[in-house]
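One-letter residues, chain by chain:
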Amino acid sequence: MLEVRNVTKRYDDRAVVREVSFEVQAGEIFALLGPNGAGKTTLLRMITDIIRPDSGAILLEGRPVDGATRRAIAYLPEERGLYRRSKVVECLAYFGELKGLPRRAARAAAAELLARVELEAWAGKQVQALSKGMQQKLQLCTALIGAPRLLILDEPFTGLDPLNVRLFEGILHERRQAGATVLLSTHQMNKVEQVCDRALMMNRGHMVLHGTVREIRRRYADHAVVVRAEGVLGGVPGVRSVESVNGESRLMLEPGATADQVLRALLDRGVAIEAFAPAALPLEDIFVKVVREGIGLDHGQSGPPPAAEPTP
Amino acid sequence: MNGDALRRVMTVARREFLTTIRRRAFLFTVLGTPAYFAVVMLVTSAAEVRERREVLRELSAVGVVDSSGLFAQATREIRTQLRAENPFAQARGSRGLPDPRSLSGGGQAGTIEEFRASVRFYPGMAEAEAALRAREVDQVIVVPESYLEAGGVRRYARSSSLFSGTDGRAIGAWLARNLVRGRVDSALAARVARPVEGERLYNLGRGGAFELKDDRRQLVDIMLPLVFALLLGMCITIGGQYLLQGVAEEKESRILESLLCAISPGELMTGKLFGLGGAGLLLVGLWSAIGALTAGPMLATLGTSLPPWILLLAVAYFVLGYLFYGSMMIGIGAVTNNMREGQQFSVWITLGSFVPMIVFTSIVSRPNSALAVGLSLFPLTAPTSMVMRLSAPGAVVPAWQIGLSLLLLAAAMSLALIGSARVFRIGLLLYGKTPNLPEILRWARRGA
């Protein structure tokens, strides 16, 4: 669906995106992660053809992103706004028209979308009459209108209450079922764990982590297993130490021992096991660890310390 | 530009046009501006006529100290006629062959009001001055002994108004008439007092024939280039301001990045130029319609000597001038953070289109002077000053100057369009800091 090949972007001889390559498959929800100033917004702007890379290529469905292919993309930037004096339905229909819908169809699509996000009663009101949360919902709708094949959403859930977050998660899943692909940039790691298939993490312009969410969590897992069980867990071969909190035990393994061996040993001892899983770190802990320790950075060419997102 | 791009451009243009003309401020500008000018003109012209009348009305008695003895037989009354002309009154056509017979008294519609002042003679300055101070007379004329050889009439008044020429002319006519009174017949004496009464001036017109220069026609000929250039300048300026405002508002509301995924910066910029240019054109069209409804009957009667090709050239200058100014305004809107900051920069460019208004009399009276030619070639001042030159009475502008002026303006417009599109692309995403001039020029040259 989307292919980013060795993309680099420099501002004033300072590389803000360095040799980034990844692919997003059709129908997946892909997360783009990274601390502030990592180069995420610059990368998203290049994918949407708002700015051009200095080198490398970005292909959408096998073709370079340009005026024609860009229509398949919808982008909800982090810095976003609306026409405050426009009527809600007109504002949304305008975005629909710009994305290629005929005027009537754009208006009908706008009305339908407003109904879907429970804003139909506000269709004829001025945008400035909406609350901040409602405006946030309307902004999300401006990205959703026109049935784009690639949805690029930068911090889409900011300012939404849990009910509306669930509403939009539901809409994203519907769109995914219908064949759309979602590229999500967010700092809400729990959302990434819940909804994303794969993730890419950037730091100082470098690509520092890439893979399925499950793989990444496994890669950074401690050499341990988490067990919920009835019985004595100490003294099992291959287990170095045991920490128990709230009925859940963390078994630190000896070097060379595997989870399979430990599970078999526990069953042989007659321990009644309710749950057994490799101990994976939460994504948030991995994020902090990778950024703090500079994992994946090429220090010979490391750029400036993380700062505000560079401007063109 | 392919069909899809054109459709997006027109979508932006329609939205910009409708949003602008639906604003209350637009309606206020449509009606308020002509109303303001009408009130100002009415008040100033009425005040002038009233002031002239007052000057003559207040001149009820004039003291004369005649040391020359030339005015011993002079009449003891000054009669003055004031013609209260109505510029909107029906006037005779002045096109075609200048036939003096058909034109006698033509075009002089209006009412005649007569004023009379008594003349009192005093033997010396002391008595006359006392009478003036005692308000027995309003003015004193002292005719020196050597008047015949050297002139040198002195006039004393308690005060004089801006229109003191009105009473001065009345007294001058009395002196002229009475200088020859009793020495020549009365008809000759009357003519000496008003030697150029009923004068007609014929000028070589654009068609190669001599045409009568009529007072009201002359007014139209002088005012038309100014009004034309003023409308053009205002249209360019107002359209430019709309553009600046539109871009600044979108930038302030942080909506541009969302838009730029759906539409390219070039398409967005073109749509804005079309839509807001259309709004500016509609504004000027409505003003012209209001003007035609009010002053139309007079213009229709008098006719103008402006051929249609000048109107076509004016349209060409409007389009090029608007695109030139509009591109620059868009560029300014893109690199500044808000409307206020944008206006601080744009005011210097806007002033450019109004420079010809400041030197309007010079351009219209000498349309081929170095100043007029220079201003009509320089792209910032070309649209308004060339239109002034073309529509100036009797002006013949060489074709090469029109061609060169259009070429320079088109070149400047193309550079501004390309440069602004590049600056627009980068500047739209720039928040919080205003770039310096070298940075802007670098963007304009190289783009993103």
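Residues numbered from 1 in each chain as written. Chains lettered and ligands numbered in written order. Predicted model: local features only at pLDDT ≥ 70, side-chain atom pairs only at ≥ 80, totals over all residues. Heavy atoms only, no water.

Novice: I'm lost on the interface of chain B and chain A in this one. Help?
Specialist: How big an interface is tends to be stated in terms of accessible area lost as the parts join. The interface is formed by 28 residues belonging to chain B together with 33 residues belonging to chain A. For the pair chain B and chain A, the two sides together bury roughly 2900 Å², of which 52% comes from carbon and sulfur. Counting across the interface, chain B meets chain A through three salt bridges. For D4(B), the salt bridge goes to R71(A), with nearest N and O atoms at 2.6 Å. The interface formed by chain B and chain A holds seven residue pairs in polar contact (both at pLDDT 80 or more) in total. (Contact = heavy atoms within 4.5 Å. Buried area = accessible area lost by both parts, 1.4 Å probe. Salt bridge = Lys/Arg side-chain N within 4 Å of Asp/Glu carboxyl O. Polar contact = N/O pair within 3.5 Å; in protein donor to acceptor, adjacent residues only side chain to side chain.)

Novice: What am I meant to see in the pairing of strand β6 (residues 73-76) of chain A here?
Specialist: Along a regular strand, successive side chains alternate from one face of the sheet to the other. Residue and element names in this part refer to chain A. Of the two faces of β6, both are covered, the one formed by I73 and Y75 as well as the one formed by A74 and L76. Of the strand pairs in this sheet, β6 and strand β7 (residues 150-154) are connected by four bridges, and their pairing is parallel. For A74, the partnering residue across the bridge sits in β7 and is L151. (Buried < 20%, exposed > 50% of the residue type's maximum accessible area, 1.4 Å probe, protein only. Helix = DSSP H or I, 4+ residues; strand = E, 2+ residues; numbered from the N terminus. Pairing = 2+ DSSP bridges.)

Novice: What should I look at first to understand the sheet that holds strand β8 (residues 181-185) of chain A in this one?
Specialist: Strands in a sheet are paired, the pairing made by backbone hydrogen bonds, and the direction either parallel or antiparallel. Residues and elements named next belong to chain A. Ordered in space as β6-β7-β8-β3-β9-β10, the six strands form an open sheet in which the pairing is mixed. Looking at which strands have only one partner, the edges of the open sheet turn out to be β6 and β10 (206-212). Mean inter-strand twist for the sheet, computed between neighbouring axes without regard to direction, equals 15 degrees. The sheet contact formed by β7 and β8 spans five bridges and is parallel. Within the sheet, the bridge partner assigned to L153 lies in β8 and is L184. (Axes fitted to C-alpha atoms, helices over the stretch in contact; angles between N-to-C directions.)

Novice: Just checking my understanding: could you explain the packing of aromatic side chains for this structure?
Specialist: Any aromatic ring pair is given by two values, namely how distant the centres are and how the planes are angled relative to each other. All told, the structure shown has eight aromatic pairs over all chains when counted by the stated rule. Here Y94(A) and F95(A) contribute two aromatic rings whose centre-to-centre distance is 6.3 Å and whose plane-to-plane angle is 75 degrees, an arrangement assigned as edge-to-face. With a relative accessible area of 4%, Y94(A) lands in the buried category. Given a relative accessible area of 2%, F95(A) falls into the buried group. One residue, R15(B), lies across the ring of Y83(A), its end atom 3.5 Å from the ring centre. One cation-aromatic arrangement involves R15(B) over Y94(A); the distance from NZ or CZ to the ring centre is 5.2 Å. (Phe/Tyr/Trp six-rings, centres within 6.5 Å; stacked < 30°, edge-to-face > 60°. Lys NZ or Arg CZ within 6 Å of the ring centre and 35° of its normal.)

Novice: Mind showing me how you'd approach the packing of helix α11 (residues 308-335) of chain B against helix α16 (residues 399-427) of chain B here?
Specialist: To describe two helices that pack against each other, one gives the angle between their axes and the distance between the axes. All names here are of chain B. In contact at an axis separation of 8 Å, α11 and α16 are set at 25 degrees when each is read in the N-to-C sense. Of the possible angle classes, the one that applies to α11 and α16 is roughly parallel. The handedness of the crossing between α11 and α16 is left-handed. Grouping the constituent residues of the contact of α11 with α16 by class yields 21 nonpolar, six polar and no charged. (Parallel < 35°, antiparallel > 145°, perpendicular 65-115°, else oblique. Left-handed = near helix turned anticlockwise from the far one by under 90°. Nonpolar A, V, L, I, M, F, W, Y, C, P; charged D, E, K, R; others polar.)

Novice: I keep staring at the packing of helix α12 (residues 339-358) of chain B against helix α15 (residues 382-391) of chain B and nothing clicks. Help me out?
Specialist: Residues and elements named next belong to chain B. One can describe the packing of α12 onto α15 by two numbers: an axis separation of 7 Å at closest approach and a directional angle of 25 degrees. The orientation of α12 relative to α15 falls into the category roughly parallel. Residues S353, P356 and M357 of α12 pack against T384, S385 and M388 of α15.

Read these as geometric descriptors, not functional statements.
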